[in-house]
Amino acid sequence: MRIDKFLKLSRIIKRRAVAKDLADQGRIEINDKRAKSAANVSTNDLITIHFGNKTLVVKVLKLAEIVKKDEAQDLYEVVSESYEQDDKED
């Protein structure tokens, strides 16, 4: 399954176009390798997504073509979530 489609179905990213843009900007990695929007994702892959100052790492548990909103979180497991600190002092 394409990475942009997986991110949309799992509801990690709300729109497939946004997922595609992030991937094409080099802000998504699959198993520590930069991924384009057409890259395939498989079960047990680690996906790293860089949103601004937030980095999210998820593990793919299963793939599905159609997913209900309540079942979307069953597709992945959050491995880590980190935020970069601003070095600005107030």
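Residues numbered from 1 in each chain as written. Predicted model: local features only at pLDDT ≥ 70, side-chain atom pairs only at ≥ 80, totals over all residues. Heavy atoms only, no water.

*Asks:* How should I be thinking about the nonpolar core in this particular structure?
*Replies:* It is characteristic of soluble globular proteins that their nonpolar side chains tend to be buried jointly. Judged by nonpolar contacts, the single largest core of 23 residues is most densely connected at F6, L7, I12, I28, V41 and I47. Those elements that place two or more of their residues in this core are α1 (3-9), α2 (16-24), β1 (28-30), β3 (46-51) and β4 (54-60). At four residues, the largest contribution of residues to this core is made by α1. Setting aside residues no more than four positions away along its own chain, V41 makes contact with M1, R2, I3, F6, I30, I47, V60 and L63. (Core = buried A, V, L, I, M, F, W, Y, C linked by side-chain atoms within 4.5 Å. Buried < 20%, exposed > 50% of the residue type's maximum accessible area, 1.4 Å probe, protein only. Helix = DSSP H or I, 4+ residues; strand = E, 2+ residues; numbered from the N terminus. Contact = heavy atoms within 4.5 Å.)

*Asks:* Sorry, what's going on with the side chain of E29 here?
*Replies:* Tracing the sequence through the fold places E29 in strand β1. With no salt bridge to any partner, buried E29 finds its closest opposite charge in R34, at an N-O distance of 5.1 Å. The contact partners of E29, leaving out residues within four places of it in the chain, are R34, A35, L46, I47, T48 and H50. (Lys, Arg positive; Asp, Glu negative; His and termini not counted. Salt bridge = Lys/Arg side-chain N within 4 Å of Asp/Glu carboxyl O.)

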